[in-house]
Amino acid sequence: MASPPSRTSSAQTARSAPYNHDNPSDPPDFGTGGTVSLRWGDFLFQTSSVAAAASILVVLAALFVLLVVDSRESLVRYGIAFATSSVWDNVKEQFGALPYIYGTLVTSAVALVLAGPIAVGAALYVAEYAPAWIRTPVSFTIELLAAIPSIIYGLWGFFVLTPVMRTTVEPALQRIFGPIPVVGILFQGAPIGKDLLTGGVILAIMIVPTIMAISREVILAVPPAQREGMLALGATRWESLRHAVLPYARAGIAGAAILGLARALGETMAVTMVIGNSSRAITGSLFTPGYTMASAIANQFTEADTAIYFSAIVEVALVLLLVSIAVNIVARLLVWQIGRGDPAALGGVLV
Amino acid sequence: MSSDTYAPPLAPAYPPGGRSIFEADARYQVRRGVARLMAVLVGLAALGAVAVLWIILGYVIWRGLPAINWPFFTQRPLPYGEPGGGVGPAIAGSLVLLGVASTIGVPIGLGAGIYLSEFGRGRFADAVRFCGDLVAGLPSIVVGVFIWALLVRHVIGHFSGLAGAAALAIIMVPIIVRTVEAMLRLVPHTLREAALALGVPQWRVVLSVVLPSARAGIITGVVLALARAGGETAPLLLTTLGNMFFNWNLSQPTAALPIQIYNYAVAPYDDWHTKAWGASLVLIAVIGILSVLTRLATRGKKLA
């Protein structure tokens, strides 16, 4: 029977197929009280925002999987020897990354030892001592320090810091600490300027802002009653900081230091330009030119002509990834602990 | 911490038949001295941290200014020995790379930020936040190796601007997500409720009420991400490699300012070193201006 479709049936068809909005004879039918098109709008909107959020997970997973897959050859061939052998020779196809791991750990440790006290001191000054008119400019300057690209630290380190280290700082350190039994080992050999120590110093400069900014937030989050209790008992300001504020903020400050460490571990260009890039045998001395994992990658990726060389370089990146993720997780747990359960309140853009 | 440090001066400081009031006074002098010393040390630490910035900035300006002239911005780098030459391709390349990276990264970052602030509850949202933080904490060289292995070695087969832009996008996204989430959370709930009460669907509430109120903050997040990505060197080195010529073709190696600085710096020529300082001055000026602007735009707000 060729009767025109009833209004009801047209609405039913419309729900199963998209409306033709350009056809005035097919007006949108809101079906059950107009909720259909509303639901579609919200559905599409929510789905696309979920998709955007999910893409972060996808990229992180893809990154991990690809690094594992591409380093498979080297993983299988060298196994644990990759991390314990110090022969890195692409002609003999021997790849042991121990010198790189060592260089990364040493430069980061030097950086943390130098930067930690200065950054926490500066944070204490800004949070507890500084008058209001000084507080903002100091914080701002230190945040700017965090915004300087690492290549510029590298340039400055290359042309300014390296000569100063070679001619002044390193000979002086050698004079003072050289004769002391155990510590002296760190300062043996000819001071050449481009070595692990200089790498550590440039990293220290770069991680001060990170540690300082987070420590400051953590210290500011300590309840005023902590300080006031000590002060009311007759403590000096330093005593109240030392015994009431710092213990309260300890976990957060440790987290800040470890986040700084995480930045130091992965830093590339600045270190590459001052560390000397030489895979000599590991000595105990800080005056040895070396490589970090990151600088080794940056220096050698163009030479990776064989599959096994490529795979070895990717494995260095994989090790770096795992180390930095582990360090980041530890740091964030520590910082969150004092961050009133609100990670967004701490850390800021720097992290 | 020893208990006698805090003892009120009256009780234990005067043991029976013991020390005089002057001894207690001497101990107070020591404690006050320590407090003053620490105040000075802490101030020096802050001064040192601030001084380093001004030393580096001052040095870049001092060495970089002589290199700055008009041809420096427009000419391409010339082989050593030819006078002149500049960083034109590098500036153009950086702008193109940042443009493409934003085209990829901004929608994703904005979408994820909207999700976290407007819908984000439960395990999935926590996972996204956590992974966002992890991506933000990734060493940039690892991102570089990822894109190098994926695009340069496997998919495209050679160094290209597109790969560089993809690496920069990965670096930008977590910064944008974090800022957008924090900024949208600052928008009062009453605004959303008012719109919802008028019968506006949620997607329109977000697009026409929430986002416009948080516009300044969102722009700030994007600018911060651009400032960060604009200075990245290592991931670009592994992906776009650099180029001495103007190149608008994204499937080919593209110049970028940080790579140009590196190439000029490690060459053995004084003239090129001056150009490296000049290029650094340009880079630092752009990033510094962006940072100051975002700081002014978000004054008094807590950036996450």
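Because the structure is predicted, anything quoted here is derived from the model rather than measured. (Residues numbered from 1 in each chain as written. Chains lettered and ligands numbered in written order. Predicted model: local features only at pLDDT ≥ 70, side-chain atom pairs only at ≥ 80, totals over all residues. Heavy atoms only, no water.)

Focus: the overall build of chain B
The secondary structure content of chain B amounts to 12 helices and zero strands. Of the regular secondary structure in chain B, the N- to C-terminal order runs α-α-α-α-α-α-α-α-α-α-α-α. The contacts of chain B with a sequence gap of at least 6 include a subset with a gap of at least 24, amounting to 73%. (Helix = DSSP H or I, 4+ residues; strand = E, 2+ residues; numbered from the N terminus. Contact = heavy atoms within 4.5 Å.)

So, the overall build of chain A
Within chain A one finds 14 helices and two strands. Buried residues in chain A amount to 53% of all 351 residues. The contacts in chain A between residues at least 6 apart in sequence include a share of 71% that link residues at least 24 apart. Of the accessible surface of chain A, which amounts to about 15200 Å², a share of 67% is contributed by carbon and sulfur atoms. (Buried < 20%, exposed > 50% of the residue type's maximum accessible area, 1.4 Å probe, protein only. Areas by Shrake-Rupley, 256 points an atom, 1.4 Å probe, with all protein chains shown as cover.)

Focus on empty space enclosed by the protein
To find leftover empty space, a probe the size of one water molecule is rolled over the atoms. All names here are of chain B. The tally for this structure, following the rule as stated, stands at three cavities of 30 Å³ or more. By volume, the second largest cavity amounts to about 50 Å³. The wall of the second largest cavity is formed by Val135, Ala136, Leu138, Val143, Ile170, Ile171, Pro174 and Arg228. Looking at the lining of the second largest cavity, the elements with two or more residues in it are α4 (122–137) and α6 (161–186). No other element matches α6, which puts three residues into the lining of the second largest cavity. (1 Å grid on protein atoms, 1.4 Å probe; cavity = no way out; pocket = protein on both sides within 12 Å on 5 of 7 lines; lining within 4 Å. Points joined across faces, edges and corners; volume = space filled by probe spheres on them.)

Considerations on the interface of chain A and chain B
Tallying the contact residues gives 84 residues for chain A and 86 residues for chain B. Taking both sides of the interface into account, the surface hidden between chain A and chain B amounts to around 7600 Å²; carbon and sulfur atoms contribute 80%. When the area that chain A buries against chain B is broken down by residue, the three leading residues are Phe45, Ile56 and Phe301 of chain A, summing to 9%. Across the contact surface, chain A and chain B share one salt bridge. Our count for the contact surface shared by chain A and chain B stands at seven residue pairs in polar contact (both at pLDDT 80 or more). (Buried area = accessible area lost by both parts, 1.4 Å probe. Salt bridge = Lys/Arg side-chain N within 4 Å of Asp/Glu carboxyl O. Polar contact = N/O pair within 3.5 Å; in protein donor to acceptor, adjacent residues only side chain to side chain.)

Concerning the pattern of salt bridges
A side chain of one charge can pair with a side chain of the opposite charge when the charged atoms of the two come close. Residues and elements named next belong to chain B. Applying the stated criterion across every chain yields a total of 10 salt bridges over all chains. Across the pair Asp271 and Lys275 runs a salt bridge whose closest N-O atoms are separated by 3.0 Å. Placement of the pair is Asp271 and Lys275 together in helix α12 (residues 270–297), with a separation of four residues, close to one helical turn. Residue class for Asp271 comes out partly exposed when judged on its relative accessible area of 34%. With a relative accessible area of 8%, Lys275 lands in the buried category. Linked through salt bridges whose partners overlap, the residues forming this network are Asp126, Arg129, Glu181 and Arg185.

Section: the packing of helix α5 (residues 140–155) of chain B against α6 of chain B
Residues and elements named next belong to chain B. Packing of α5 against α6 leaves a shortest axis separation of 9 Å and a crossing angle of 140 degrees. When the axis of α5 is compared with that of α6, the two are oblique. For α5 against α6, the interelement crossing comes out right-handed. Residues Ser140, Val143, Phe146, Ile147, Leu151 and Val152 of α5 touch α6, and the partners they reach there are Ala163, Ala166, Ala167, Ile170 and Ile171. Its residues placed into classes, the contact of α5 with α6 shows 10 nonpolar, one polar and no charged. (Axes fitted to C-alpha atoms, helices over the stretch in contact; angles between N-to-C directions. Parallel < 35°, antiparallel > 145°, perpendicular 65-115°, else oblique. Left-handed = near helix turned anticlockwise from the far one by under 90°. Nonpolar A, V, L, I, M, F, W, Y, C, P; charged D, E, K, R; others polar.)

Description of the nonpolar core
Nonpolar side chains in soluble globular proteins tend to end up buried together. By size, the foremost hydrophobic cluster in this structure holds 194 residues, and its most contacted members are Leu67, Trp88 and Tyr153 of chain A together with Ile141, Val145 and Trp148 of chain B. With residues up to four places along the chain from it excluded, the contact list for Trp88 of chain A reads Phe82, Gln94, Phe95, Gly96, Ala97, Tyr100, Gln300, Tyr309, Ala312, Ile313 and Val316 of chain A. (Core = buried A, V, L, I, M, F, W, Y, C linked by side-chain atoms within 4.5 Å.)

Some points on the side chain of Ser311 of chain A
Residue and element names in this part refer to chain A. Tracing the sequence through the fold places Ser311 in helix α14 (residues 307–338). A polar contact is formed between the side chain of Ser311 and the backbone oxygen of Ser71, at a distance of 3.5 Å. Non-local contacts of Ser311, meaning those with residues more than four positions away in its chain, are made with Asp70, Ser71, Arg72, Glu73 and Ser74.

Some details on the packing of helix α7 (residues 150–177) of chain A against helix α9 (residues 196–220) of chain A
Residue and element names in this part refer to chain A. At a minimum axis distance of 9 Å, the contact between α7 and α9 shows a crossing angle of 125 degrees. In terms of their interaxial angle, α7 and α9 are classed as oblique. Considering only the axes of α7 and α9, their crossing is right-handed. Mapping the contact onto sequence places Ser150, Tyr153, Trp156, Gly157, Leu161, Thr162, Met165, Glu170 and Leu173 in α7 and Leu197, Thr198, Val201, Ile202, Ile205 and Met206 in α9.

Describing helix α13 (residues 293–300) of chain A
For α13 of chain A, the buried fraction is high: seven of the eight residues fall into the buried class. Residues Met293, Ala294, Ser295, Ala296, Ile297, Ala298 and Gln300 of chain A constitute the buried set of α13 of chain A.

Quick word on the confidence of the model for chain A
For chain A, per-residue confidence averages 80 on the pLDDT scale, and 84% of positions sit at 70 or higher. Scored below 50 in pLDDT, residues 1–16 of chain A shows seven contacts in the model against residues more than four places distant or in partner chains. (pLDDT = per-residue confidence, 0-100.)

Remarks on the environment of Leu57 of chain A
Along the chain, Leu57 of chain A falls in helix α2 (residues 35–70). Beyond its immediate sequence surroundings of up to four residues, Leu57 of chain A is in contact with Phe124, Ala127, Val128 and Cys131 of chain B.

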